[in-house]
Structure formats: structure tokens, C-alpha cells
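Structure assessment
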Amino acid sequence: MNFIQTYDRALSEGDCDRLISIFENSPNKGEGHIMLDGKPTIDYSFKQSIELPDCRFSKSNVMSATIKVPLEKCIVKYVEKYSILKDGVSKWNIVDAYTFKKYEAEKDGYKAWHCEHGSGENSKRLLVWMIYLNDAKSGTEFMYYPNIKARKGRCVIWPPGWEYTHRGLPNKGIKYIVSGWMAYI
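Because the structure is predicted, anything quoted here is derived from the model rather than measured. Note that residues are indexed from 1 along each chain, following the sequence as it is written. Per-residue local features of the predicted model are confined to residues with pLDDT of at least 70, and side-chain atom pairs are confined, for both listing and counting, to 80 or more; whole-chain, interface and lining totals are unaffected and use all residues. The side-chain quantities take in all heavy atoms of the structure and omit both hydrogens and water.

Examining the overall build of the chain
Runs of H or I in DSSP of at least four residues are treated as helices and runs of E of at least two as strands, each being numbered from the N terminus. Looking only at helices and strands, the chain features three helices and 15 strands. Each principal axis of the C-alpha atoms in the chain carries an extent, and together these give about 45 × 35 × 30 Å. Buried, partly exposed and exposed residues are distinguished by accessible area as a fraction of the type maximum, computed with a 1.4 Å probe on protein chains only: under 20%, between the cut-offs, and over 50%, respectively. By the burial criterion, 48% of the 185 residues in the chain qualify as buried. Should any heavy atoms of two residues lie within 4.5 Å, those residues are considered in contact. Considering only contacts in the chain between residues 6 or more positions apart, those separated by 24 or more positions represent 76%. Surface accessibility in these figures is a Shrake-Rupley result with a 1.4 Å probe; residues are shielded only by whichever protein chains are displayed. By element, 52% of the accessible surface of the chain is carried by carbon and sulfur atoms, the whole surface being about 9800 Å². Computed over 27 positive and 22 negative side-chain charges, the separation of the two mean positions in the chain equals 2 Å. For the purpose of counting charges, residues Lys and Arg are taken to be positive, whereas Asp and Glu are taken to be negative. His and the chain ends are not included. Note on charges: their place is set at NZ of Lys, CZ of Arg, CG of Asp or CD of Glu.

So, the packing of helix α1 (residues 13-25) against helix α2 (residues 62-81)
α2 packs onto α1 with a crossing angle of 150° between their chain directions and a minimal axis gap of 10 Å. Classified by the angle their axes make, α1 and α2 are roughly antiparallel. α1 and α2 meet at a crossing whose hand is left-handed. Packed against α1, whose contacting residues are D15, R18, L19 and I22, the element α2 presents V62, M63, T66 and I67 at the interface. Gly counts as polar in this scheme, as do all residues outside two lists: the nonpolar Ala, Val, Leu, Ile, Met, Phe, Trp, Tyr, Cys and Pro, and the charged Asp, Glu, Lys and Arg. Classifying every residue of the contact of α1 with α2 by side-chain character gives five nonpolar, one polar and two charged. To get an axis, fit a line to the C-alpha atoms, keeping to the stretch in contact for a helix; angles then go from 0 to 180 degrees between the N-to-C directions. Oblique is the label for any angle not covered by the other classes, which are roughly parallel (under 35 degrees), roughly antiparallel (over 145) and roughly perpendicular (65 to 115). Each crossing gets its handedness from the near helix: less than a right angle anticlockwise from the far helix is left-handed, clockwise is right-handed.

Points about unusual backbone geometry
A positive phi angle, near 60°, is found at R9, a position not held by glycine. Relative to the helices and strands, R9 is located in the loop between β1 (5-7) and α1. The phi dihedral of S60 falls on the positive side, at around 50°, and the residue is not glycine. In this fold, S60 is placed in the loop between β7 (55-56) and α2.

Quick word on the pattern of salt bridges
When a carboxyl oxygen of Asp or Glu is within 4 Å of a side-chain nitrogen of Lys or Arg, the pair counts as a salt bridge. As enumerated under the stated definition, the model contains eleven salt bridges in all. The shortest N-O distance in the salt bridge between K59 and D54 comes to 3.0 Å. On the accessibility criterion, K59 (42% relative accessible area) is partly exposed. Assessed through its relative accessible area of 44%, D54 is described here as partly exposed. A salt bridge links R125 to E116, with the shortest nitrogen-to-oxygen separation between them at 3.5 Å. Ionic contacts of the salt-bridge type, sharing partners, join the residues D54, R56, K59 and D96 into one network.

Examining the environment of S119
Position of S119 among the secondary structure elements: in the loop between β10 (109-110) and β11 (125-132). Once the C-alpha coordinates of S119 and V76 are considered, the two residues, 43 residues apart in sequence, prove to be 27 Å apart.

Some words on the nonpolar core
The term nonpolar core refers to a set of buried residues drawn from Ala, Val, Leu, Ile, Met, Phe, Trp, Tyr and Cys, joined through side-chain atoms within 4.5 Å. By size, the foremost hydrophobic cluster in this structure holds 33 residues, and its most contacted members are I67, F100, W129, L133 and I157. Looking at which element gives the most residues to this core, the answer is α2, with seven residues. Every residue in contact with W129, bar those within four places of it in the chain, is listed here: F57, I67, L71, I94, Y98, V156, I157, V178, S179, G180, W181 and M182. Ranked by size, the runner-up nonpolar core spans 18 residues in total, among them I34, Y103, Y110 and A150.

Structural data, given as C-alpha cells:
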């Protein structure tokens, strides 16, 4: 069974454009990292991107406010489809921290196969969410499921386990995404 769900037009075109503008006008952009042995590490063989640091819903800024309400609506739809998440599992919530990434060069992307579940805090992850902010030429490749096309405003939600191992399709042009997790509390 495939538990990957897509929700088109979760964010409006105007909201996507506003978020991209915030990203591009931010002086704080930096190189994207992966977590390796609990430490942020830059490893271009795994991932190469430009990212905004320390994105958090608790900061109550325009960026977080633009994302959170539409994301919550998508989560409600997901839970309606998979009702066990409502009453059959431990309590969970949206993780405060999220990522905002830009891939622009052909060498950019999250190139390594990976899943979103692991040790430490990652072991509490229940679901993954991602929102594409533009109609990029390259989407997301799942090892055991069909690829997901990058469509402006599309929200994708899926489980974090190994069976949903994924990576970015080889980058072609610019791609902006915001992504994060739901986790047990």
C-alpha cells in the first residue's frame, strides 16, 4: 500500500511567490547540511543546496504563518484518509523546526537515497511533509513508489520509514521546497 499523498494548490501561487521572495531577499542564506552522527555536516556527495537557517513555526513570522495553516489543512485530509492517526497512535504534532531549500545548479540536490527516520530525535518522526514552491523540472524520486512531480503549491505527506526511501531527482533548473515532519510528543 502507498501512503504517499499529494495535495495540489495547498499554497496559492501568490503565497509561493511571497515565500520565494522572502528566501531570495534573506541575508542569512547558507549552504545546506545533513546531520551526521548528530552534527550538522556539509557533504556535497549527499546534498548540495542553499538554505535558510533556523526556520521555526514558533518564530511567528510571515514565512511560518504562510505555511502553517495550509499545511494543517493537508494534515487534516491525511488523517481523515488514515483515521488510525487520530485515535490509534500516541499523541503527535507538527515539529517546530522545518527546512527551506533552494536547488539551482545541476550539481545541486539531495542526491543520496535516504529516509526520514533514524536514531535520536528522528526516531520520533511519524510523518514527513514537503511543499514545492515552484513548477520545477525535477521532483522527488521514491525507491519503491512512483516519482512525485514538483508542482507549485503541491504538498506531499508520507511516512518516514525505510520503505519510503527517496532522493531528489537529478536537478534541472531551480527548485524551491519547504519541508518538515510530524513527530510523537
